[in-house]
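Below are the chains, spelled out letter by letter.
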Amino acid sequence: MFDSLAFPQYFIFPIIFFLFLHHFRKINPTPWNLPLLGMLASVILNINQLHDKVAQILEKTKGSFMIKGSWVAQYDMFLTSDPANVQHIMSTNFSKYHKGSEGRKRFDIFGETGLFNSDFDEWKHQRKLARAFINHQKFQQLMAKIVPEMIERGLIPVLDHVSEEKMLVDFQDLLKRTTFDFACLIATGHNPNSLSVGFPEMGFPDAVDDACEAILIRHLVPESLWKLQSWLGFGKEKKLANGWRTIDQFWEKQKSMKQEEIEKGMEAKEDEGIYSLLNCYLSGHEVTGPTPAEKVMRDNITALIFATEGTTSIALTWFFWLVSKNPFAETKIKEELKRNFSQEGFNKPPLVRLNELNKLVYLHAALCETLRLYPPVPFEIRIPLQPDVLPSGHQVNQNTHVLISAYSMARMTSVWGEDCREFKPGRWITEDGRIRHEPPHKFFSFNAGPRICIGKDIAFTMMKATAASIIHNYDVQVVKNHPVTYNLSIGFRMKHGLLARVSKRSAQPRHIN
Ligand code: HEM
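Since this is a predicted model, take the numbers as computed values, not measurements. (Residues numbered from 1 in each chain as written. Predicted model: local features only at pLDDT ≥ 70, side-chain atom pairs only at ≥ 80, totals over all residues. Heavy atoms only, no water.)

Enquirer: Looking at this structure, how should I read the environment of glycine 243?
Expert: Mapped onto the secondary structure, glycine 243 falls in helix H11 (residues 235-263). A relative accessible area of 3% places glycine 243 in the buried class. Spatially, the C-alpha atoms of glycine 243 and cysteine 212 are 10.0 Å apart, while their sequence positions differ by 31 residues. Contact partners of glycine 243, with chain neighbours within four places excluded, come to Ile109 and Ala207. (Helix = DSSP H or I, 4+ residues; strand = E, 2+ residues; numbered from the N terminus. Buried < 20%, exposed > 50% of the residue type's maximum accessible area, 1.4 Å probe, protein only. Contact = heavy atoms within 4.5 Å.)

Structure, rendered in structure tokens:
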């Protein structure tokens, strides 16, 4: 019979045990390796500051640390932020590491056939098409058309409204809307107008955010556990399933809208500056070839929206927060804008000339520094195809998941110097006033090697145009004491958003002379 008097011991023992662990982890930051549990208990204890805990371990262990797997997890996790290891895995020995079926299972919402989830020949094929789409001259024309339009017709009216109404606004949400509309235009040719005064429900990007939280948990717990949770349908897995439905509905809607346009002979014409991945797919355009299977289109279109929106808006949010904390940087950005755009104003369509964004060296540097400190994709995982020895001397094999932490790399004094944790845009500017280019295995925010991000230039154009238009025309006052921390997710969203008030810098004219 159950002895009710003995009942508390079932709780007291684990509590004392975890307090004990908690005390000693302060003395030694490396995780404890416990029988059966491996280092899982240590991970759970630090779950809310996961990225900082990893950074702390890696700084202490000179950039490499093996987390022994548990009986439950059944694989080892090798943490690294050592640039030599990163170069070895991502570039020099690229063909010997893959994302693998483990990765595809965790990221199943983005489809098996898409660029993100594929490896080897399938990946090569998809990447070739994606690059052809982005490098086509029509894409440049599209950018020159939609970026100024979005600022003029989307961002400025909303900011004017928020400013006139003296509203408190979640800047993260506002930036998410800006980049979501932009992402939809390049992926499908339709503008969902989520950036409008009524702040309509967004659907897709919120669904992706929910999915990203569930995917992080899938990295931390055994597959059997998250699969059981998914089958029972509760918690994060339930949210992921709902998100999946939202993304599928989004795709169905986009497809039927486009088909209707085609049937009515109303397709957007390329010579009118309209060029989108969906148009290319459906018209069998030279860049994408014959129309592929529907699943391939769904996977790549949703992945392109995710790749564009789920990264650029995160970077911009941290940028505005960092600028608010570093008035010296804000002053320098304002001065640079005034020097380059003072005569004509900035936010009128003919004046957002994308090639002129190159003049904004300090703004570019401040964005690089943001991306270094707060990489929107904070880590990458690769699995070796065969046993290998890394430049750090560590041995890995097919049973090792190698986690490369971009967030930790930014916090390594051996990589970025004693001031690595400080926001210093100046570190990105050469003595003759140009942008300093760092190798991708050191500045890992866009990945490195053959799988490096193909949208880096597009992201900088979008981020610079958005940030410049806002800072040149408005004062953004971030609410003091609002808690700012990252979400537990594979993306680096702020957990509580970024609350701010916006006011026009001058009533008439809007720009500064
Ligand atoms: C600040 C913004 C951005 C950041 C920090 C970023 C970062 C990254 C990272 C870390 C990866 C590697 C992901 C992985 O393999 O798991 C990646 C891949 C990719 N990115 Fe970006 N990205 C950004 C913006 C964009 C934009 C605007 C686009 C498209 C227009 C884009 C398109 C892609 C694509 C298609 C891939 C897959 C490449 C491949 O697997 O070969 N990204 N990006």
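Enquirer: Whenever I open this one, the sheet that holds strand S8 (residues 400-405) confuses me. Can you help?
Expert: The pairing of strands in a sheet happens through backbone hydrogen bonds and is either parallel or antiparallel. Taken in spatial order, the 5 strands line up as S1-S2-S8-S5-S3 in an open sheet, and their pairing is mixed. Pairing within the sheet leaves two strands with one partner each, and these edge strands are strand S1 (64-67) and strand S3 (97-98). Pairing of strand S2 (residues 76-80) with S8 involves 5 bridges; the strand directions are parallel. Bridging from a neighbouring strand, leucine 79 pairs with leucine 403 of S8. Contacts between helix H4 (residues 83-92) and the sheet are confined to S1, S2, S3, strand S5 (379-384) and S8, with S8 contributing the most and set at about 120 degrees to the helix. (Pairing = 2+ DSSP bridges. Axes fitted to C-alpha atoms, helices over the stretch in contact; angles between N-to-C directions.)

Enquirer: Is there a simple way to explain the sheet that holds strand S9 (residues 474-478) in this structure?
Expert: One open sheet accounts for 3 strands, arranged S4-S10-S9; its pairing is antiparallel. The outermost strands of the open sheet, each flanked by one partner alone, are strand S4 (168-170) and S9. Taken over all neighbouring pairs, the strand axes of this sheet differ in orientation by 40 degrees on average, direction set aside. One ladder, built from 3 bridges, connects S4 with strand S10 (residues 499-504); its direction is antiparallel. Pairing of leucine 168 across the sheet is with arginine 501, part of S10. Running over the sheet, helix H7 (residues 137-164) touches S4, S9 and S10 and is turned about 95 degrees from S10. Running at roughly 55 degrees to S4, helix H8 (residues 171-188) makes contact with S4, S9 and S10 of the sheet.

Interpretation note: all reported values are geometric properties and have no functional meaning in isolation.
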